[in-house]
Amino acid sequence: TKILESVTEEEKDYLDEALGCANNGFFRASVVLAWNAAVHRMHKTVERLGFDEFNKRSEEMKNIKDGRFKRFNKSFTVHSLSDLSATVFDNDLLWVLEYWGLIDANQHERLSICFTMRNNSAHPGEAPITEENVASFYSDLKSMVFDNPKFKL
């Protein structure tokens, strides 16, 4: 429940439900709901900092020919939260957030692992989501998203 220390009321509603799922052993449902709350925080941060700036950063990344961002070949034109959620995949969002300096490469990698866990939770497969996985997942979301001063709302 420490994840609730730095969340908004809107996020708290999602996370309360996610924690309720985890407490009842519904780990996959918990992960999906908690990831959605974290992405919501990232989206609200993009809104606060400006959609035009987000679009500009994605365009700059598209034109990089070497280094870490050389394979990023997309650019976005978003003007609202609705555009952002409908047209920018979570994986792409993490790349732009790193380029923008809101997360570093290590945070990006760990949040990508959280996103993979979310995907594993939302689709049938042989990889179980354990109590330990969920604890690590929540720890990462708390420290890298909800407690991150760059994502403060």
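Q: Teacher, can you tell me more about the overall build of the protein chain here?
A: Summing up its helical and strand segments, the protein chain has seven helices and zero strands in all. Helices and strands appear in the protein chain in the N-to-C order α-α-α-α-α-α-α. Its C-alpha atoms give the protein chain a radius of gyration of 16 Å, near enough to 15 Å, the size a compact globule of 153 residues would have. Of all 153 residues assigned to the protein chain, the portion counted as buried reaches 44%. Look at the contacts in the protein chain between residues 6 or more apart in sequence, and 67% of them connect residues 24 or more apart. With the model as given, the accessible surface of the protein chain reaches about 8,300 Å², and the carbon-plus-sulfur share is 49%. Distance from the positive charge centre (19 side chains) to the negative charge centre (24 side chains) of the protein chain: 5 Å.

Q: Explanation requested: the packing of aromatic side chains in the structure shown.
A: Aromatic ring pairs are reported here in terms of the distance separating the ring centres and the angle at which the planes meet. Per the stated rule, a full pass over the model turns up seven aromatic pairs. Through successive ring pairs, a cluster of aromatic residues spans Phe54, Phe72, Phe76 and Trp100.

Q: Mind showing me how you'd approach helix 6 (residues 105–122) here?
A: Since the α-helix advances by 3.6 residues per turn, residues separated by three or four positions end up pointing in the same direction. Taking 1.5 Å as the rise per residue, helix 6 with 18 residues should run 26 Å; its terminal C-alpha atoms sit 25 Å apart, in good agreement. Listing the buried residues of helix 6 in full gives His108, Leu111, Ser112, Cys114, Phe115, Met117, Arg118 and Ser121. In this fold, the buried residues of helix 6 make contact with helix 2 (27–49), helix 5 (90–100) and helix 7 (131–146). For helix 6, the N-terminal capping position is held by Asp104, with its side-chain oxygen 3.0 Å away from the main-chain nitrogen of Asn106.

Reading the values: the criteria
- Residues numbered from 1 in each chain as written.
- Predicted model: local features only at pLDDT ≥ 70, side-chain atom pairs only at ≥ 80, totals over all residues.
- Heavy atoms only, no water.
- Helix = DSSP H or I, 4+ residues; strand = E, 2+ residues; numbered from the N terminus.
- Rg over C-alpha atoms; globule rule 2.2 N^0.38 Å.
- Buried < 20%, exposed > 50% of the residue type's maximum accessible area, 1.4 Å probe, protein only.
- Contact = heavy atoms within 4.5 Å.
- Areas by Shrake-Rupley, 256 points an atom, 1.4 Å probe, with all protein chains shown as cover.
- Lys, Arg positive; Asp, Glu negative; His and termini not counted.
- Charge placed at Lys NZ, Arg CZ, Asp CG, Glu CD.
- Phe/Tyr/Trp six-rings, centres within 6.5 Å; stacked < 30°, edge-to-face > 60°.
- Expected span 1.5 Å × (residues − 1).
- Polar contact = N/O pair within 3.5 Å; in protein donor to acceptor, adjacent residues only side chain to side chain.

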